[in-house]
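# Report on the structure
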Amino acid sequence: MRLVINPAERALRGVYRPPGDKSISHRAAILGGLAAGETEIHGFLDSADTRATLSAMQQLGARIDESNGIIRMQGGSLCAPSEALDLGNSGTGMRLLAGALAGHPDLIGQRVTLTGDESLSRRPMARIIEPLAHMGARITSDDGHAPLAIKPSNLSGKRHALSVASAQVKSALLLAGVFAEGDTVVLEPGVSRDHTERMLPAFGAILHDGEPGVAIRGRQELTGTRIEVPGDLSSAAFVLGAGLLVGDSEIELEGVGLNPTRSGVIDIVRAMGAGLRIDGDQTAGGEPTGRLRVDAGVLHGVDIAPDLVPLAIDEFPLIMALAAAAEGRTRIRGASELRVKESDRIAVMCRELARLGVEVEELDDGAVITGGRICAGEVDSHGDHRVAMSLAVLALVAEGPVVIDNADWIRTSYPGFVDDMRGLGAELEWK
Ligand code: S3P
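As a starting point, this report considers the structure included with it. Keep in mind that this is a model prediction, so the values were computed, not measured.

When you go through the protein chain residue by residue, the secondary structure sums to 13 helices and 24 strands. Over its C-alpha trace the protein chain gives a radius of gyration of 21 Å, about what one expects of a compact globule, namely 22 Å for 431 residues. Taking the principal axes of its C-alpha atoms as reference, the protein chain extends roughly 60 × 45 × 40 Å. Here the protein chain holds 431 residues, and the buried ones make up 59% of them. Here the contacts in the protein chain between residues at least 6 apart in sequence split such that 75% fall between residues at least 24 apart. Surface accessibility of the protein chain: about 15,600 Å² in total, with carbon and sulfur atoms responsible for 45%.

What follows is the structure, given as structure tokens:
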């Protein structure tokens, strides 16, 4: 489907509450299915990606009941599903589940296959297969890509030194570590999101300092619990970005997850000159949350420090869009991980921004973007939800209407995006 966005004629105003956090919802669904007894999940993200993980857990034997937006799971006893588990577009679902199932005691000697859509089948899986194999996992793939055929087997805890800072890889190994013999230790070259480490203790798991890194004790029992999912900063970031671009906007964002391993986007837009006020004094499910107030201002280009990249990894399509409308030049380096996301986000954003008249230079590990006028035109999401939403935000300050082809991929993480933007006064229409 195509989304048509008209340039904003008036300021965006209102109080906004983002949908549940995608990363945390995946983890709640997986741990809720692994843990014995009942898990109650409040604020679960209703999106295609998180639904795929939830139904995978159901196919694996978890009982799931939903009412009034609350998900209740009865887990703890798994069986091999008769069909392959389809994780759709979700790298998090596939990688974390592969780790959780590789040594699950209920599945030893059986076989579970994980599949995904075309984009997921292009994404690198060797990064989990190899370290899991080091623990004794038996996973076959199509030359390092999905489908993954897992033959759950007895695992032994190992010490892993990762070559990229990746929460998906770290989490896959920690989840495998729950069922392995002995300690599993994970060391990363940079900081990646720590939701798995925060959530596991709520299910009764014992983690400790890996001196350095994070370590989990093996052969643990998980027990069901109550999880409250905070609002997703990665979704709220689009609203925040729209508020920054459209003159005189005043938006209050409530209940936003402010985990410091995720909040790099806040540091980056502040360095670009954004006016943001943050009251972050609450927690939900062991995660810091708060309220953000966005005041439009004039953004200027910045050099983004490579150590901020993992802390804002999902926000780079948006940051590139903001840079296109900022004054001066923005330089992004050390971000080659963007090439293996739902699309090659460096190539795709450079190509689509250029179609709107933006001056961009593509680098192997980033881009240089010179801000200026944004032309009306037609662009494409390339099947990437965050590309679609980033271009939609930028379109608010274009010189005329912008049409985004294949924009319905938004459903993977944020089905309510168009309605939420309209609620704040933006003009977007499905065609
Ligand atoms: C995620 C981790 C990140 C991120 C993805 C969600 C997670 O991926 O890009 O959208 O929930 O663990 P990597 O861990 O591969 O960097």
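Next comes the rest of the description.
Turning our attention to helix H5 (residues 126-134). Those residues of H5 not exposed but buried are Ile128, Ile129, Pro131 and Leu132. Close packing links the buried residues of H5 with helix H3 (91-102), strand S8 (139-140), strand S9 (148-150), strand S10 (159-161) and helix H6 (167-179).

Turning our eyes to something else, we now look at the packing of helix H1 (residues 22-34) against H6. Their axes nearest at 13 Å, the elements H1 and H6 cross at an angle of 10°. Relative to H6, the element H1 lies roughly parallel. The residues of H6 that touch H1, namely those facing Arg27, Ile30, Leu31 and Leu34, are Ala167, Ser171, Leu175 and Phe179. Of the residues assigned to the contact of H1 with H6, the class counts are six nonpolar, one polar and one charged.

Here we come to the side chain of Ser171. Mapped onto the fold, Ser171 is located in helix H6. Among the residues examined, Ser171 registers a relative accessible area of 0% and is labelled buried. Within the local environment of Ser171, its side chain forms a polar contact with the side chain of Thr196, the two groups lying 2.7 Å apart. Excluding residues that lie within four positions of it along the chain, Ser171 makes contacts with Arg27, Leu96 and Thr196.

Surveying the vicinity of the ligand reveals the residues Ser23, Arg27, Thr92, Ser166, Ala167, Gln168, Arg193, Ile313, Asp314 and Lys341. Separating an oxygen atom of the ligand from a side-chain N or O atom of Asp314 is a distance of 2.6 Å. In isolation the ligand offers 380 Å² of accessible surface; the protein chains occlude 95% of this area. Going through the elements one at a time, H1 and H6 are the ones with two or more residues in the shell around the ligand.

For the rest of this paragraph, the subject is the environment of Leu396. Along the chain, Leu396 turns up in the loop between helix H12 (385-395) and strand S23 (402-405). Linking Leu396 and Ile374, residues 22 residues apart in sequence, is a C-alpha distance of 9.5 Å. When residues no more than four places from it in sequence are discounted, the contact partners of Leu396 are Ile5, Asn6, Pro7, Ala8, Leu12, Ala242, Val246, Met421 and Ala426.

Criteria and cut-off values
Residues numbered from 1 in each chain as written. Predicted model: local features only at pLDDT ≥ 70, side-chain atom pairs only at ≥ 80, totals over all residues. Heavy atoms only, no water. Helix = DSSP H or I, 4+ residues; strand = E, 2+ residues; numbered from the N terminus. Rg over C-alpha atoms; globule rule 2.2 N^0.38 Å. Buried < 20%, exposed > 50% of the residue type's maximum accessible area, 1.4 Å probe, protein only. Contact = heavy atoms within 4.5 Å. Areas by Shrake-Rupley, 256 points an atom, 1.4 Å probe, with all protein chains shown as cover. Axes fitted to C-alpha atoms, helices over the stretch in contact; angles between N-to-C directions. Parallel < 35°, antiparallel > 145°, perpendicular 65-115°, else oblique. Nonpolar A, V, L, I, M, F, W, Y, C, P; charged D, E, K, R; others polar. Polar contact = N/O pair within 3.5 Å; in protein donor to acceptor, adjacent residues only side chain to side chain. Near = heavy atom within 4 Å.

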